[in-house]
Amino acid sequence: MIQPRSLRSVAGLSLVELLVSMVIALVVLAGVIQSFVASKQSFIQESEVAYIQENARFAVDLISRDIRQAGSWGCSGSGNMANAFDGDLDSLVKSTAIEGFEGGVSTLPAYLTNADTNTDALIVRYGDTNNAQTVDQHTTPSAIVLASSAAYSVGEIMVLSDANCDQAGIFAASAINGQTVSHAVNSDNCTGMLSGTFECGNCTSSSDCDDGSVGDVMATGNDALYSAGSMLLPFVGHAYFINESTFDSNLPSLHRVSITTTGGVPTTEELVSGIEDMQISYGVDNDIVADGQANRYFTADQIPDDRATAAGGNIGWDRVVSIRIQLVMRSRNIVLPQNNTTAYLGNTPADRFLRQIVSTTVQLRNAGL
């Protein structure tokens, strides 16, 4: 006969035992959750650090490569620069290799109106040697005959660099016919002359430019022709500035204005996100006899003239030989446990984004030669 179990033999957990078990489980669960949260925070921080460092490397490399090409007009050491272009973008299309704007001080040109006014802007200008063509002959003051069919467009801004390395000229192609590229007077060119040193902004009329009566140094008349073997290159003008991202209005980015191949129309592109500030200083060789070495660094507003003069202390954009750039990189997401207390280039942001300052100094390879 089977004996029935006693009530004690089938009893479950007591209330105290159940509570102790629940406390132990909660402690273990809390540890798991804390470990998960810490792991997630560590992952976010590491991802943001990688994001900042990768974008910083790309931005510094991109701007540095452009700066090193500044003033490359196809032949190093070109003595005279004639700028016949007089279109709507004459402040972007100039013979000055480098030009800057100090945030909050300088007046920005129309194509930089979207720039953050508290950050600096930089213009880099040079000729595109990768798409250069050789000149067979310069038959008239406004007709260039190439060695092969012209690979350019009417209205495209060009640079003609003499084979003797003593002259270069900027113009908009007024006509293209087979191997011939013309640079005649029209709405984009104030003159057909590409000799001497001048900017079309100095001309009160096309006849003034043609007869050499204005400008800093003008060759005689309109008859100076370029020699065979000269180079014809597309003009490159890049203006770098900081503005909010086109993809996320809460994220600052580095942008660039470039000139398209037709008619010098500017286009703006977003290059690198996560760049909040850009501060630039310019190394100027202001020796009486330039030696290509920077004597002092200036901000853009301290360099008032395109060309240095003795009266101005030999300070001008044509005497800039190096550029020092500082960028403030910012994370996409909030990372810090509390608001910033660190100043970044004079600004202390009251938020919890991660930031890092990167800097570089770039020597202009085509300056001071």
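In the block above lies the structure referred to throughout.
Everything quoted here is computed from the prediction, not taken from an experiment.

Q: Can you help me understand the overall build of the protein in this one?
A: Across its full length, the protein holds 2 helices and 17 strands. Looking at the protein as shown, the accessible area adds up to about 18,200 Å², and 51% of this sits on carbon and sulfur atoms.

Q: What am I meant to see in the side chain of Ser281 here?
A: Among the structural elements, Ser281 can be located in strand S14 (residues 275–284). Every residue in contact with Ser281, bar those within four places of it in the chain, is listed here: Tyr297, Phe298, Ser322, Ile323 and Arg324.

Q: Sorry, what's going on with the pattern of salt bridges here?
A: The tally for this structure, following the rule as stated, stands at 9 salt bridges. For Lys94, the salt bridge identified is with Glu99, shortest N-O distance 3.4 Å. You'll find Lys94 and Glu99 in the same group, each marked buried. Among the salt bridges present, the one from Arg307 reaches Glu199, with a minimum N-O distance of 3.9 Å. Here Arg307 is found in the loop between strand S15 (296–298) and strand S16 (320–334), whereas its partner Glu199 is found in strand S10 (residues 198–199), with 108 residues between them in sequence. For Arg307, a relative accessible area of 25% corresponds to the partly exposed category. By relative accessible area, which is 10% here, Glu199 ends up buried. A cluster of three or more residues bridged by salt bridges with shared partners is formed by Lys94, Glu99, Arg125 and Asp306.

Q: Please clarify how unusual backbone geometry should be interpreted in this entry.
A: Comment: phi is negative for the bulk of residues other than glycine, and the bulk of peptide bonds are trans. Here the phi dihedral of Cys165 falls at roughly 65°; this positive angle occurs in a residue that is not glycine. Positionally, Cys165 belongs in the loop between strand S6 (157–161) and strand S7 (167–172). What makes Cys165 partly exposed here is its relative accessible area of 27%. Positive phi outside glycine occurs at Leu345, with the angle close to 55°. Checked against the element boundaries, Leu345 lands in the loop between S16 and strand S17 (353–363). Residue classification places Leu345 among the partly exposed positions, given a relative accessible area of 28%.

The rules we used
- Residues numbered from 1 in each chain as written.
- Predicted model: local features only at pLDDT ≥ 70, side-chain atom pairs only at ≥ 80, totals over all residues.
- Heavy atoms only, no water.
- Helix = DSSP H or I, 4+ residues; strand = E, 2+ residues; numbered from the N terminus.
- Areas by Shrake-Rupley, 256 points an atom, 1.4 Å probe, with all protein chains shown as cover.
- Contact = heavy atoms within 4.5 Å.
- Salt bridge = Lys/Arg side-chain N within 4 Å of Asp/Glu carboxyl O.
- Buried < 20%, exposed > 50% of the residue type's maximum accessible area, 1.4 Å probe, protein only.

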